[in-house]
Amino acid sequence: MISVDCISKKYNKLLANDDVSLYVKSGELTVLLGPNGAGKSTLIKCICGLLRFKGTITIGGFDNLTPDAKRLLGYAPEIPALYPMLTVYEHLEFIAKAYRLKDWETYAEELLVRFDMSDKRAKLGKELSKGMQQKASICCAVLPRPKAVILDEPLVGLDPHGIREIKTAITGLKQDGCALLISTHNIESVEEDWDTTCIMKSGKIAAVCRRGEMPEGKTLEDIYFSIAEGAV
Amino acid sequence: MSALWYIIRKTFKNHLKEIIRKPVMLIFYSLITLVLVFNIIASTSLGQDIKSFLQLYWLTGGIFAYITVFIFLFVVVTGTSKGSSIFGMSDVNLLFVSPISPRKILFYGVLRMMRDSFLAVVFVLFMAVPFKRFGVGYGGVLLTFFGLALSIVVLSVVSLIVYSATNGNKKRKLVVKLLFFAMFLPAAVYYALRFFETEDIILSLGDLILSPFILSVPVAGWTAAGVSAFLFGDIVSGLMFLGLNILLGGGLILYVIRSNHDYYEDTLVSAETTYEKLRAVSEGNINSLGVREGKVKITKTGVSGFGASALFYKHIRESFRENRLGFLTVYSLIIAGGAIAVSYFSKDLITVLSTLVWFQVFKVGMGRGQRELFTHYVYMIPESSFRKILWSNMEIMLKALVESVLIFGVSGIIIGAGIGVMLGCIAVLTLFSLVLLGMSFFSMRFTGMNIGKGILLMFYFMALIVFMAPGVVPAFIIGFYIGGVTGLCIGLFIIAAWELIAGLILLALSKGVLHRCDMPTMKPLK
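Residues numbered from 1 in each chain as written. Chains lettered and ligands numbered in written order. Predicted model: local features only at pLDDT ≥ 70, side-chain atom pairs only at ≥ 80, totals over all residues. Heavy atoms only, no water.

## Things to note about the overall build of chain B
Inference 1: Counting its regular elements, chain B contains 22 helices and zero strands.
Inference 2: Taking all 526 residues of chain B together, 46% fall into the buried category.
Inference 3: Partitioning the intrachain contacts of chain B with sequence separation of at least 6 by distance along the chain shows that 77% fall at a separation of at least 24.
Inference 4: As displayed, chain B has an accessible area near 26100 Å², and 73% of this comes from carbon and sulfur atoms. (Helix = DSSP H or I, 4+ residues; strand = E, 2+ residues; numbered from the N terminus. Buried < 20%, exposed > 50% of the residue type's maximum accessible area, 1.4 Å probe, protein only. Contact = heavy atoms within 4.5 Å. Areas by Shrake-Rupley, 256 points an atom, 1.4 Å probe, with all protein chains shown as cover.)

Structure follows, in structure tokens:
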């Protein structure tokens with residue numbers, strides 16, 4: 001569903017992504033794991049069409065910059081950028097109108113219930129806590145029922161209750177057949193659901209681990225630290 | 001104290017190093033210095049132009065109005081809500097917990113505040129030419145600069161004490177607000193009485209400046225009276241009035257020091273609020289900037305539109321919710337009021353128009369459509385890039401139209417300008433926004449936003465001059481050739497027509513801009 005082929009991204013002289021390739025299948029969760037500055041957010045922004053890059057990215061077979069690809073893709077950034085003067089429900093309404101969705105109201109209500117935000121529907125973006133903003137941002141990302149969802153550090157700054165809700169939502173999306181790409185620098189946060197983990201370092205994918213194909217006696221954490229601390 | 005001097009010294013040194021290391025900053029500061037020198041030279045080449053002392057009243061009135069705005073912001077808004085912004089977050093985290101005496105830290109804070117105050121009024125130094133037109137030389141410019149800076153330092157300390165005295169107490173906050181209005185009451189009543197008697201705005205203002213009622217407004221009245229006394233050559237009165245400010249500021253600082261006042265808490269909320277806003281902006285949430293504080297009453301809800309047009313209807317909802325006047329803001333009303341007043345006295349719409357086009361540069365840059373570029377939604381909506389750009393900037397265009405109609409409609413009727421000139425001015429100012437928007441996207445499209453902001457700004461202004469020239473030059477030539485009001489009207493409509501063409505060409509050249517640039521991030525200076 002998400003196909004990234006030989007992506008390179010430069011910021012002036014800094015090579016933030018260096019010839020990166022990955023593929024995320026429908027119903028699979030791929031994790032981008034890496035320390036701060038590894039190039040995870042840059043790669044995600046390239047996939048979402050927010051940055052220019054060299055290489056090819058397709059979503060469901062469509063070039064990622066086309067409206068067809070955008071219709072299939074949902075994205076929640078690391079810093080939830082809500083509109084301060086719109087209510088939570090108006091955020092959903094805006095997305096529904098902008099994406100030309102039909103009969104979206106029932107699903108919007110479902111999302112608000114699932115994320116425990118029904119009582120916050122009339123709250124303005126500026127009145128929400130960081131955790132609430134993050135959840136509203138994810139609701140906006142999944143409202144168009146995208147076939148691929150990208151979440152950049154979705155659990156940062158959330159309380160345990162919020163973390164559990166988002167983890168449940170991730171499991172639900174995966175079960176619905178969504179291709180999921182999630183970036184994190186917290187291994188424990190994705191330990192239960194991941195199918196593939198791409199460990200990034202210095203703009204490159206240093207290792208690809210697949211569940212069930214892990215080396216005998218090695219955990220994801222062992223591999224991550226061996227890479228992050230320079231042994232690989 | 002050595003630790004505090006170390007911070008001051010190092011901060012200054014590092015700032016200088018940064019200027020030297022970054023060529024764009026060096027160019028920027030060199031240009032600023034050049035403009036300043038040019039200003040001084042240009043002002044000295046102009047002849048002394050005192051027609052009457054009445055001209056000085058305008059200057060004094062301007063100083064009075066400027067400080068009044070600051071009194072309102074510092075005392076009523078900041079003082080009764082979040083306290084003085086005397087310290088930064090790094091001071092809170094590192095100095096407040098250190099074993100340095102709070103009095104010394106306060107002294108350091110006042111020094112910091114003085115630096116910021118000078119920056120808030122630095123624009124006065126560049127006003128040598130307009131001052132000269134009021135018959136005031138560069139000495140008067142410097143005097144005004146120091147007078148304004150001093151008053152802002154005093155107001156920052158007042159704000160600190162007001163916050164301390166009213167924190168968590170609604171009644172006291174109300175008292176402060178009532179006192180604020182009461183301060184202006186004698187001066188306002190006197191001015192109104194004089195106006196009814198003389199029916200002359202300027203003469204009444206002059207009477208007010210010379211009257212003792214101006215002294216009922218601390219800081220603003222004292223500074224205005226002090227500066228104008230100096231300009232009139234009355235040194236004793238000048239020293240006395242400006243001395244009142246120094247006495248008030250010094251007395252309040254002494255009070256804070258002597259009373260062992262715990263000012264840490266009083267400055268904390270403001271430092272944290274400012275820090276949080278800057279952090280949110282630097283992390284990509286530009287929408288946190290300039291958000292209206294306090295409770296917002298929600299009456300109408302919902303977002304209309306379909307596809308890209310949803311962006312426009314969202315902006316309308318946000319604008320009307322943020323501000324009851326919708327397309328007009330308090331800021332735009334102040335500008336409109338000033339512009340109408342200037343055209344009333346100058347009996348000329350073109351001077352106002354040529355000034356307002358520069359304001360437009362900043363207004364368009366701060367529009368919701370431009371801010372939208374800093375968040376991901378506009379990039380990810382599955383619509384064509386052109387449609388998204390068009391709809392997301394529709395609101396700022398309508399805003400420009402409403403403001404232009406207000407300014408030139410009212411001014412034109414007051415001074416009896418012809419309908420053609422009024423419509424021409426409205427068209428030129430409104431369509432200039434289209435050129436600015438086109439230029440902005442053209443710059444983005446061809447630089448990819450992957451260059452320094454200084455170079456981007458230079459590219460923007462150079463391209464703007466190049467694109468405007470083919471319309472402005474023939475408009476001037478034809479306008480002058482025909483002459484009179486008809487020539488003026490034709491000239492204005494030629495510029496407006498060119499703006500429409502240039503704006504559309506620029507937008508067409510920027511096709512696909514959202515796919516050909518990096519989503520920009522905002523890096524605040526502090």
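Still more to cover.
## Details of the interface of chain B and chain A
The extent of an interface is frequently quoted as the accessible surface area lost upon association of the parts.
Inference 1: The partner chain A presents 39 residues to the 45 residues of chain B that form the contact.
Inference 2: Of all residues in chain B, B:Tyr377, B:Met380 and B:Pro382 give up the largest surface area on contact with chain A, accounting jointly for 20% of the area buried on that side.
Inference 3: Where chain B touches chain A, the interface holds five salt bridges.
Inference 4: As a salt-bridge pair, A:Arg100 and B:Glu383 come within 2.6 Å of each other at their nearest N and O atoms.
Inference 5: Applying the counting criterion to the chain B and chain A interface returns 16 residue pairs in polar contact (both at pLDDT 80 or more).
Inference 6: When contributions to the side of chain B that touches chain A are tallied by element, the ones reaching two or more residues are helix 13 (309–322), helix 17 (377–380) and helix 18 (385–392) of chain B.
Inference 7: When residues of the side of chain B that touches chain A are assigned to their parent elements, the largest contribution, seven residues, is made by helix 13 of chain B.
Inference 8: Taken together, the residues of the side of chain B that touches chain A sort by class into 15 nonpolar, 14 polar and 16 charged. (Buried area = accessible area lost by both parts, 1.4 Å probe. Salt bridge = Lys/Arg side-chain N within 4 Å of Asp/Glu carboxyl O. Polar contact = N/O pair within 3.5 Å; in protein donor to acceptor, adjacent residues only side chain to side chain. Nonpolar A, V, L, I, M, F, W, Y, C, P; charged D, E, K, R; others polar.)

## Digging into the packing of helix 5 (residues 130–142) of chain A against helix 6 (residues 160–175) of chain A
In helix packing, the relevant descriptors are the interaxial angle and the interaxial distance, both defined with respect to the helix axes.
All names here are of chain A.
Inference 1: As a packed pair, helix 5 and helix 6 sit with axes 11 Å apart at the nearest point and diverge in direction by 10°. Put simply, helix 5 runs roughly parallel to helix 6. As for how helix 5 packs across helix 6, the hand of that crossing is left-handed. Between helix 5, through Gln134, Lys135, Ile138 and Val142, and helix 6, the contact on the second element is made entirely by Glu165, Ile166 and Leu173. (Axes fitted to C-alpha atoms, helices over the stretch in contact; angles between N-to-C directions. Parallel < 35°, antiparallel > 145°, perpendicular 65-115°, else oblique. Left-handed = near helix turned anticlockwise from the far one by under 90°.)

## Concerning the pairing of strand 7 (residues 148–152) of chain A
For a regular strand, side-chain orientation follows a simple rule: the groups alternate between the two sheet faces.
Residue and element names in this part refer to chain A.
Inference 1: Within strand 7, five of the five residues are buried, which leaves it mostly tucked inside the rest of the structure.
Inference 2: Burial of strand 7 is two-sided: the residues Ala148, Ile150 and Asp152 facing one way and the residues Val149 and Leu151 facing the other way are all buried.
Inference 3: As judged from the four bridges shared by strand 6 (residues 73–76) and strand 7, these two strands associate in the parallel manner. Paired with Ala76 across the bridge in strand 7 is Leu151.
Inference 4: One ladder, built from five bridges, connects strand 7 with strand 8 (residues 179–184); its direction is parallel. Bridge pairing in strand 8 links Leu151 to Ile182.
Inference 5: In this view, the connection linking strand 7 to its parallel neighbour strand 8 by way of helix 6 has right-handed handedness. (Pairing = 2+ DSSP bridges. Right-handed = clockwise from strand over helix to strand, strands pointing away.)

## A word on the sheet that holds strand 1 (residues 2–11) of chain A
All names here are of chain A.
Inference 1: Sheet architecture is open: four strands sit in the order 2-1-4-5, paired in antiparallel fashion. Pairing within the sheet leaves two strands with one partner each, and these edge strands are strand 2 (14–24) and strand 5 (62–63).
Inference 2: In this structure, strand 1 lies alongside strand 2, joined through seven bridges in antiparallel fashion. From the neighbouring strand, Val4 faces strand 2, where its bridge partner is Leu22.
Inference 3: Its contacts with the sheet place helix 1 (residues 40–47) against strand 1, strand 2 and strand 4 (54–59), and it is angled at close to 120° to strand 1.

## Quick word on the confidence of the model for chain B
In low-pLDDT segments, the atomic positions of the prediction should not be examined closely.
Residue and element names in this part refer to chain B.
Inference 1: When the pLDDT values of chain B are averaged, the result is 79; 84% of them are 70 or greater.
Inference 2: Within chain B, helix 17 carries the highest mean pLDDT (92), whereas helix 3 (residues 54–78) carries the lowest (67).
Inference 3: Overall fold confidence (pTM) sits at 0.75, and the ipTM for the predicted complex is 0.92. (pLDDT = per-residue confidence, 0-100.)

## Looking at the packing of aromatic side chains
Inference 1: Counted according to the given criterion, the structure contains 13 aromatic pairs over all chains.
Inference 2: Relative to B:Phe327, the ring of B:Phe320 lies with its centre 5.6 Å away and its plane at 80°, an arrangement referred to as edge-to-face.
Inference 3: Residue classification places B:Phe327 among the buried positions, given a relative accessible area of 17%.
Inference 4: Pairwise contacts between aromatic rings join A:Tyr83, A:Phe94 and B:Tyr377 into one cluster. (Phe/Tyr/Trp six-rings, centres within 6.5 Å; stacked < 30°, edge-to-face > 60°.)

## Some remarks on the environment of A:Leu22
All names here are of chain A.
Inference 1: Tracing the backbone shows Leu22 in strand 2.
Inference 2: Sequence-wise, Leu22 and Ala38 are 16 residues apart; in three dimensions their C-alpha atoms are separated by 16 Å.
Inference 3: Dropping the residues within four chain positions of it, Leu22 is found in contact with Ile2, Ser3, Val4, Leu32, Leu43, Cys198 and Ile205.

## Description of the side chain of B:Thr430
Inference 1: Structurally, B:Thr430 is set in helix 20 (residues 419–447).
Inference 2: Excluding anything up to four places from it in sequence, B:Thr430 contacts B:Met397, B:Ala400, B:Leu401 and B:Ser404.

## Considerations on a positive patch on the surface
Inference 1: The grouping of B:Arg9, B:Lys10, B:Lys13, B:Lys17 and B:Arg21 at the surface amounts to a positive patch.
Inference 2: With respect to the secondary-structure elements, B:Lys13 resides in helix 1 (residues 2–21). (Patch = residues over 30% accessible without salt bridge, like charges linked within 9 Å, V, L, I, M, F, W, Y side chains within 5 Å. Lys, Arg positive; Asp, Glu negative; His and termini not counted. Charge placed at Lys NZ, Arg CZ, Asp CG, Glu CD.)

## Quick notes on empty space enclosed by the protein
Inference 1: Overall, the coordinates contain six cavities of 30 Å³ or more when judged by the stated rule.
Inference 2: In this structure, the largest cavity encloses a volume near 120 Å³.
Inference 3: As for the largest cavity, its lining consists of A:Leu73, A:Gly74, A:Tyr75, A:Ile95, A:Tyr99, A:Ser137, A:Cys140, A:Ala141, A:Pro144, B:His376, B:Tyr377 and B:Met380.
Inference 4: The set of elements that each furnish at least two residues to the lining of the largest cavity consists of strand 6 and helix 5 of chain A together with helix 17 of chain B.
Inference 5: When its residues are assigned to classes, the lining of the largest cavity shows nine nonpolar, three polar and no charged. (1 Å grid on protein atoms, 1.4 Å probe; cavity = no way out; pocket = protein on both sides within 12 Å on 5 of 7 lines; lining within 4 Å. Points joined across faces, edges and corners; volume = space filled by probe spheres on them.)

## Regarding unusual backbone geometry
All names here are of chain A.
Inference 1: Backbone geometry places Cys6, a non-glycine residue, at a positive phi of 55°.
Inference 2: The topology assignment puts Cys6 in strand 1.
Inference 3: At Glu153, a residue that is not glycine, the phi angle is positive and equals roughly 45°.
Inference 4: Looking at the secondary structure, you find Glu153 in the loop between strand 7 and helix 6.
Inference 5: In this structure Glu153 comes out as buried when scored by relative accessible area, which is 5%.

## Section: the packing of helix 20 of chain B against helix 22 (residues 484–509) of chain B
Residues and elements named next belong to chain B.
Inference 1: One way to put it is that helix 20 packs onto helix 22 with a least axis distance of 7 Å and a crossing angle of 25°. One way to sum up the angle between helix 20 and helix 22 is to call them roughly parallel. Regarding helix 20 and helix 22, the two cross each other, and that crossing is left-handed.
Inference 2: When its residues are assigned to classes, the contact of helix 20 with helix 22 shows 25 nonpolar, four polar and two charged.

## Overview of helix 8 (residues 170–198) of chain B
Residues and elements named next belong to chain B.
Inference 1: Helix length check: helix 8, at 29 residues, gives a terminal C-alpha distance of 42 Å against a target of 42 Å (1.5 Å per residue), a fit within 8%.
Inference 2: Along helix 8, the sharpest kink reaches roughly 35°, centred on Leu185 and followed within four residues by the proline Pro186.
Inference 3: When helix 8 is considered as a whole, its buried residues turn out to be Val176, Phe180, Phe184, Ala187, Tyr190 and Arg194.
Inference 4: The first or second residue beyond helix 8 is Glu199, which carries a positive phi of 55°. (Expected span 1.5 Å × (residues − 1). Bend = angle between axes of the 7 residues up to and from the residue.)

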